[in-house]
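# Architecture and fold: a report
One letter stands for each residue in the lines below.
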Amino acid sequence: MVPQGSRAELEFGGPLGAAALLLLLPATMFHLLLVARSGPARLLGPPPYLPELEELWSPWALLLCLTWLGLQAALYLLPARKVAEGQELKDKSRLSYPINGNPIYDFFLGRELNPRICSFDFKYFCELRPGLIGWVLINLALLMQEAELRGSPSLAMWLVNGFQLLYVGDALWHEEAVLTTMDIIHDGFGFMLAFGDLAWVPFTYSLQAQFLLYHPEPLGLPLALVICLINAVGYYIFRGANSQKNTFRKNPSDPRVADLETISTATGRRLLVSGWWGMVRHPNYLGDLIMALAWSLPCGVSHLLPYFYLLYFTALLVHREARDEQQCLRKYGLAWHAYCRRVPYRIVPYIY
């Protein structure tokens, strides 16, 4: 029996919200793929046509997808690889099996925290490899297709490919850092993460490149340099904040973080209140949003569609920040209140 009052608060609107998202997320992705290649490219309008069922099925596409996943799984299981110890999970490294649950909600969020077969961790595998690398390959294929259509890729297409390749390369280079994220530590492995990692990321995050293939955008060198500067500022904040956090978590005595001011908590861990993490509570999110803007700007300002990623990612990070706030409040209690007083802004200084 679950003691009264000990049941965790339901997220994403509970079973009804989970059911709605199960339908809304695939429909949104499908809508974006259709309107990106249409003439009007209206984000908020209906797609100009709906493909026949025969167009949605290709045995070769299925074979390619399964081959891609198999290749990534084989690379994941290679014996010559670094093994990193993860953070303590919310269940203290012991998997929990609640008796009562809602099947739709559990399917969406996932009942199992870290499903494994031997050393193969399904959630960790899906978090970075197939979707992120697939995103880069889709971008590259779109760049090559544009070169076939127009003789050479446009400057805007080069910028989008370069910016997003840098982002994915950074994630893979710092792969160990994913072990400290909310996805790994807190969220179960259900539809939300599986669909998000394997379908939503490669097909919606490549939306700018898809848009540019069907709607070429002239881009002058001066504006391109400004956009590169915006992306560089975002990346500098993103990488600096994440590196500072990961260094502090690994070794608070490291000379790079030893002089930073902290607040002690009842758990024995300390909270950074200076450096990047004294500016706002989530400086890495700020860097992410600045980069998202830079990825959309090469597409011009005549259509809202290329800015879907920026709008979606803003909503995602604000929601994730709110979830993180609740978890930190439960975990650190009074120390978290003290931290919030010292660092009042959540993502954007003096705004939010």
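Residues numbered from 1 in each chain as written. Predicted model: local features only at pLDDT ≥ 70, side-chain atom pairs only at ≥ 80, totals over all residues. Heavy atoms only, no water.

## Considerations on the confidence of the model for the protein chain
Formally: The quantity called pLDDT is the predictor's confidence in a given residue, expressed from 0 to 100. Secondary structure counts use DSSP, requiring at least four H or I residues in a row for a helix and at least two E residues in a row for a strand, with both numbered from the N terminus. We call two residues contacting when some pair of their heavy atoms lies within 4.5 Å.
Of the residues in the protein chain, 91% have a pLDDT of 70 or more, and the chain-wide mean is 84. Predicted confidence in the protein chain is weakest over helix 6 (residues 182-185), with a mean pLDDT of 74, and strongest over helix 10 (residues 283-296), with 95. Here residues 1-7 is modelled with pLDDT under 50, and outside its nearest four sequence neighbours on either side it reaches 2 contacts, counting other chains as well. Segment residues 94-100: pLDDT under 50, and 8 contacts once partners within four positions in sequence are set aside and those in other chains are kept.

## Overview of the packing of aromatic side chains
The relative placement of two aromatic rings is captured by the distance of their centres and the angle of their planes. Rules: What counts as a ring pair is set by centres within 6.5 Å for rings of Phe, Tyr and Trp (its six-membered ring), and what kind of pair is set by the plane angle: stacked under 30 degrees, edge-to-face over 60, tilted for all other angles. We call a residue buried when its accessible area falls under 20% of the maximum for its residue type, exposed when it is over 50%, and partly exposed in between, using a 1.4 Å probe and counting protein chains only.
One pass over the full model with this rule turns up 23 aromatic pairs. An angle of 75 degrees between the planes, with centres 5.0 Å apart, marks the rings of F120 and F122 as edge-to-face. On the basis of an interplanar angle of 45 degrees and a centroid distance of 5.0 Å, the ring pair of F120 and F125 is categorised as tilted. Both residues of the pair, F120 and F125, count as buried.

## Section: the pattern of salt bridges
If charged atoms from side chains of opposite charge come close, those side chains can pair. We count it as follows: Here a salt bridge means any side-chain nitrogen of Lys or Arg lying within 4 Å of a carboxyl oxygen belonging to Asp or Glu.
This model, assessed by the stated rule, comprises 9 salt bridges. A salt bridge links E146 to R150; the shortest N-O distance between them is 3.2 Å. Note that E146 and R150 are positioned in helix 4 (residues 122-150) at a spacing of 4 residues, about one turn of the helix. Owing to a relative accessible area of 38%, R150 belongs among the partly exposed residues under this scheme. R281 is the partner of E325 in a salt bridge, and the nearest nitrogen-oxygen pair spans 2.9 Å. Taken as a pair, E325 in helix 11 (residues 308-332) and R281 in the loop between strand 4 (270-272) and helix 10 lie far apart in primary sequence, 44 residues in all. Side by side, E325 and R281 carry an identical accessibility label, which is buried.

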